[in-house]
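The primary structure of each chain is shown beneath.
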Amino acid sequence: MTSDEPLIRVKDLSFKYLGTTRRVLDSVNIEIFPKEIVLVAGHSGSGKSTLLRALNGLIPHHHAGDYEGSVVIDGLTVANTAMSELARKVGYIFQNPDNQIFMFTVERDIAFGLENLRVPPPEIRKSVDTIMDSLGIRHLALRPPHELSDGQKQRVAIAGVIAMRPKILILDEPTSLLDPFTASSMIGLVSDLRERFGMTILIVEHRLDLILRIVTRMIILDRGRVVFNDAPRAILSEVDVGRYGVTEPAIVRLAKLMGLGDNNIPIDPGSMAHRLELASS
Amino acid sequence: MGEDSTTAEHEVKSSASTTIFSTFGKKDTKEIEIVKFDSVDYSHPSGVAALVNVSLSITRGEFVAVLGTNGAGKSTLVRHINGLLKPTHGTVSVFGESTRERTSAFLSRGVGMVFQNANNQLFAQTVRQELEFALKNFGFDRQTIQDRVEWALNTFSLKEYVDKPPMELSGGEKKRLCIALVLAWDPEILILDEPTVGQDYEQKALLGQIIMKLLGEGKTVMVVTHDVEFIWPLQPRVILMSQGRIIADGSSQEILGNPAVLSKGDVLPPQLVELSRLLGWKNYYPKDVFEAESRIIEQRYNIRVPDRKET
């Protein structure tokens, strides 16, 4: 696959959950390329989580409904591919790590996926150790996950998922249960993963202030439709994203108020201070 | 609010008519101490110390934010106010009475708490029943219950879900329902535990408005939160916790405006504070973008913009 082929191609995707009358996704067309970090944002109920589930196969394999269109990931058509095979391409991190950690010790939990794939034990050992090192949790290897702090649990969940070396990592509101300090640290980690393992990242988040610095593309959903799909600064400078349920960082609001809302719109205090200093000199 | 014994029920039902809360409300309201922690320690049954020597006093009508990392003791602290937890040592007094003397069911009439995890608070078959439950328990009459439920459904945009099972709602909607059901019984003190998690921009704006409205009505509001960006414009009193202790207690300007203090609690400052410090501003940090804009223009043109607050 050449690098200008999309890694993920969502074509005319529509979906209605079984027993409901409303399309939660409505003719969604999206292409995502390798190594992008894509933020999916929108109102509660706009279809964000549904879109993520359509990418890892939970839809249509686990959630029944009216499914139209197609999702192709790294050459595999999701609707025709078993979830176990998709899991090797697409790693999914839940909002609440308790939903995906369940073994007795951290290292057993991380090894779980690899064991299921019948990877030889010495290789598993090596992979697990390497991953624990890269996530800074080696010292927690033998601890029971339920004793860990939220931030630590989140790292264990991530470790378990990236042990499978997926090409794509999906994070569903990963920071909402974390305090900003830990959240900030987790976001740095995600950025690092993309560098280190060449992963493509999709994140659903409501709050932009912590995540904006690493995002390469922003997709905004409104009632199941894609309304914006562009570089974050391009969208923020033109659009009042608050109308779509997205919380604009204070700095962005201030920049727009002061007429600094162009393609170079500052997105954090540092770039804002710099911009102001330039303006006054 | 989970007590099942008939004495507790009786206590709660009679509480709707003559209670320390209603008499409390009729006193002259200047400077009434509504919550007091006196050298409180709390240890979990497992032995882990969750609160260490906590003392604080909250005046009626105050707006207080409790900040700190996960595990700092924030939720443990507020659970002492509605009696879900009782101190291991020391005393917690609410409305002038020690919480040891009262059940959590009784205290809940005056202290409404919205849990961090909505799933822990919702259990009825339909949204309507969820909203009605506490009102029935507290002995409100039929008409009042109907009125309060209508109010809640409208204010929180829940009308379309009225006959649906709460579990079918999205995470953000469940949160909204929890806030609605607690406000429906109109407690004197409202405690919100991480109310902005999973909420989109408009829901947060609504929440901010509701908080300001409640404060305007003389209610006391406490918010446990990580979301410094949400509370900064509201400028509450800030209690910063770390490892079971209160490490700072002051105004938003004093605490959220002080990165050295914040870092002791592993809390990041709001963006406008960071910007203020980068631009060399001291004394007063603008609470919203309009104040920030005024300050920037002032600084740039060396003029004084009227009505700017200075401490």
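Residues numbered from 1 in each chain as written. Chains lettered and ligands numbered in written order. Predicted model: local features only at pLDDT ≥ 70, side-chain atom pairs only at ≥ 80, totals over all residues.

### Let's talk about the overall build of chain A
Phase 1 of the analysis: When you go through chain A residue by residue, the secondary structure sums to 10 helices and 10 strands.
Phase 2 of the analysis: Relative to a compact globule of 281 residues, whose C-alpha radius of gyration would be 19 Å, chain A shows 20 Å and is just as compact.
Phase 3 of the analysis: In terms of principal-axis extent, the alpha carbons of chain A reach across some 60 × 45 × 40 Å.
Phase 4 of the analysis: Burial statistics for chain A: of 281 residues in total, 47% are counted as buried. (Helix = DSSP H or I, 4+ residues; strand = E, 2+ residues; numbered from the N terminus. Rg over C-alpha atoms; globule rule 2.2 N^0.38 Å. Buried ≥ 20, exposed ≤ 12 C-beta atoms within 10 Å, placed from the backbone.)

### Section: the overall build of chain B
Phase 1 of the analysis: Along the backbone of chain B there are 13 helices and 10 strands.
Phase 2 of the analysis: Going through the 311 residues of chain B one by one, you find that 47% of them count as buried.
Phase 3 of the analysis: Pairs at least 24 apart in sequence give 67% of the contacts found in chain B among residues at least 6 apart. (Contact = placed C-beta atoms within 7 Å.)

### Section: the sheet that holds strand 6 (residues 90–93) of chain A
All names here are of chain A.
Phase 1 of the analysis: The mixed open sheet is built from six strands, whose spatial order is 6-7-8-3-9-10. Strand pairing shows two members of the sheet lacking a second neighbour, strand 6 and strand 10 (225–230), which therefore form its edges. On average, adjacent strands in this sheet sit at an angle of 20° to one another, irrespective of strand direction.
Phase 2 of the analysis: The pairing of strand 7 (residues 168–172) with strand 8 (residues 200–204) spans five bridges and is parallel. (Pairing = 2+ DSSP bridges. Axes fitted to C-alpha atoms, helices over the stretch in contact; angles between N-to-C directions.)

### Focus on the interface of chain A and chain B
Phase 1 of the analysis: Contact residues are listed per partner, giving 31 residues for chain A and 30 residues for chain B.
Phase 2 of the analysis: Looking at the side of chain A that touches chain B element by element, the count peaks at six residues for helix 10 (residues 269–280) of chain A.
Phase 3 of the analysis: Of the residues in the side of chain A that touches chain B, the class split is 14 nonpolar, 12 polar and five charged. (Nonpolar A, V, L, I, M, F, W, Y, C, P; charged D, E, K, R; others polar.)

### Some points on the domain arrangement of chain B
Phase 1 of the analysis: When cut into domains, chain B gives domain 1 (1–110 + 188–252), domain 2 (121–186) and domain 3 (270–311).
Phase 2 of the analysis: In this complex, domain 1 of chain B contributes 11 residues to the contact, which on the side of domain 2 of chain B involves 11 residues. (Domains from an automatic or database assignment.)

### What about helix 7 (residues 180–197) of chain A?
All names here are of chain A.
Phase 1 of the analysis: For helix 7, spanning 18 residues, the distance from its first C-alpha to its last is 25 Å, which sits close to the expected 26 Å at 1.5 Å a residue.
Phase 2 of the analysis: Looking at the buried residues of helix 7, the elements they touch are helix 6 (150–162), strand 7 and strand 8.
Phase 3 of the analysis: The first or second residue beyond helix 7 is G198, which carries a positive phi of 60°. (Expected span 1.5 Å × (residues − 1).)

### A short note on the sheet that holds strand 8 (residues 220–224) of chain B
Residue and element names in this part refer to chain B.
Phase 1 of the analysis: On the basis of which strands lie adjacent, the open sheet formed by six strands has the order 6-7-8-3-9-10 and mixed pairing. Each having just a single partner strand, strand 6 (111–114) and strand 10 (245–251) make up the two edges of the open sheet. Each adjacent strand pair in this sheet contributes to an overall mean axis angle of 15°, direction not counted.
Phase 2 of the analysis: Of the strand pairs in this sheet, strand 6 and strand 7 (residues 189–193) are connected by four bridges, and their pairing is parallel. The partner of V114 across the bridge, within strand 7, is L192.
Phase 3 of the analysis: Packing of helix 7 (residues 171–184) onto the sheet brings it into contact with strand 6 and strand 7, and relative to strand 6 it is tilted by some 175°.

### Description of the pairing of strand 8 of chain A
All names here are of chain A.
Phase 1 of the analysis: Burial runs high along strand 8: five of the five residues are buried.
Phase 2 of the analysis: Neither face of strand 8 is exposed, since T200, L202 and V204 on one face and I201 and I203 on the opposite face are all buried.
Phase 3 of the analysis: Taking the sense of rotation as the criterion, the β-α-β connection linking strand 7, helix 7 and strand 8 turns out right-handed. (Right-handed = clockwise from strand over helix to strand, strands pointing away.)

### A word on helix 6 of chain A
All names here are of chain A.
Phase 1 of the analysis: With 13 residues, helix 6 should reach 18 Å at 1.5 Å per residue; the first-to-last C-alpha distance of 18 Å fits that figure.
Phase 2 of the analysis: Across the 13 residues of helix 6, 11 count as buried, placing the element largely inside the fold.
Phase 3 of the analysis: Within helix 6, burial applies to G151, K153, Q154, R155, V156, A157, I158, A159, G160, V161 and I162.
Phase 4 of the analysis: Packed against the buried residues of helix 6 are strand 6, helix 4 (106–116), helix 5 (121–134), strand 7 and helix 7.

### Notes on the environment of V182 of chain B
Residues and elements named next belong to chain B.
Phase 1 of the analysis: Residue position: V182 is located in helix 7.
Phase 2 of the analysis: Since 23 C-beta atoms lie within 10 Å of it, V182 is described here as buried.
Phase 3 of the analysis: In the structure, V182 is positioned 47 residues away from L135 in sequence and 9.4 Å away in space, judged by C-alpha atoms.
Phase 4 of the analysis: Other than its neighbours up to four places away in sequence, V182 contacts G112, M113, V114, P187 and L190.

### Brief notes about the packing of helix 9 (residues 250–257) of chain A against helix 13 (residues 289–301) of chain B
Phase 1 of the analysis: Two elements in contact, helix 9 of chain A and helix 13 of chain B, have axes whose closest approach is 9 Å; the angle formed by their N-to-C orientations is 55°. Relative to helix 13 of chain B, the element helix 9 of chain A lies oblique. Along this stretch, helix 9 of chain A crosses helix 13 of chain B, giving a crossing that reads as right-handed. Across from A250, R253, L254 and L257 of chain A in helix 9 of chain A, the residues of helix 13 of chain B making contact are V289, A292 and E293 of chain B.
Phase 2 of the analysis: Each residue belonging to the contact of helix 9 of chain A with helix 13 of chain B can be placed in one class, and the counts come to five nonpolar, no polar and two charged. (Parallel < 35°, antiparallel > 145°, perpendicular 65-115°, else oblique. Left-handed = near helix turned anticlockwise from the far one by under 90°.)

### Thoughts on the domain arrangement of chain A
Residue and element names in this part refer to chain A.
Phase 1 of the analysis: Split into domains, chain A comes out as domain 1 (8–237) and domain 2 (249–281).
Phase 2 of the analysis: On a C-alpha basis, the centroid separation for the pair domain 1 and domain 2 is 31 Å.
Phase 3 of the analysis: Each partner contributes to the interface: domain 1 provides eight residues, whereas domain 2 provides eight residues.
Phase 4 of the analysis: Class assignment for the residues of the side of domain 1 that touches domain 2 results in four nonpolar, one polar and three charged.

### A closer look at unusual backbone geometry
Excluding glycine, residues mostly have negative phi values, and the peptide bonds linking residues are mostly trans.
All names here are of chain A.
Phase 1 of the analysis: The omega torsion across I59 and P60 is 5°, close enough to zero to call that bond cis.
Phase 2 of the analysis: One can find P60 in helix 2 (residues 58–61).
Phase 3 of the analysis: Not every positive phi belongs to a glycine, and K35 is a case in point at roughly 70°.
Phase 4 of the analysis: With respect to the helices and strands, K35 occurs in the loop between strand 2 (25–32) and strand 3 (37–42).

### Overview of the environment of E168 of chain B
Phase 1 of the analysis: In this fold, E168 of chain B is placed in the loop between helix 6 (142–155) and helix 7.
Phase 2 of the analysis: Counting along the chain gives 110 residues from E168 of chain B to I58 of chain B, while the straight-line C-alpha distance between them is 38 Å.

### Thoughts on the environment of A79 of chain A
Residue and element names in this part refer to chain A.
Phase 1 of the analysis: Looking at the secondary structure, you find A79 in the loop between strand 5 (76–77) and helix 3 (83–89).
Phase 2 of the analysis: Note on A79: 15 C-beta atoms within 10 Å, which makes it partly exposed.
Phase 3 of the analysis: Taking the C-alpha atoms as reference points, A79 and Y67, 12 residues apart in sequence, are found 9.1 Å from one another.
Phase 4 of the analysis: Beyond its immediate sequence surroundings of up to four residues, A79 is in contact with P60, Y67 and S70.

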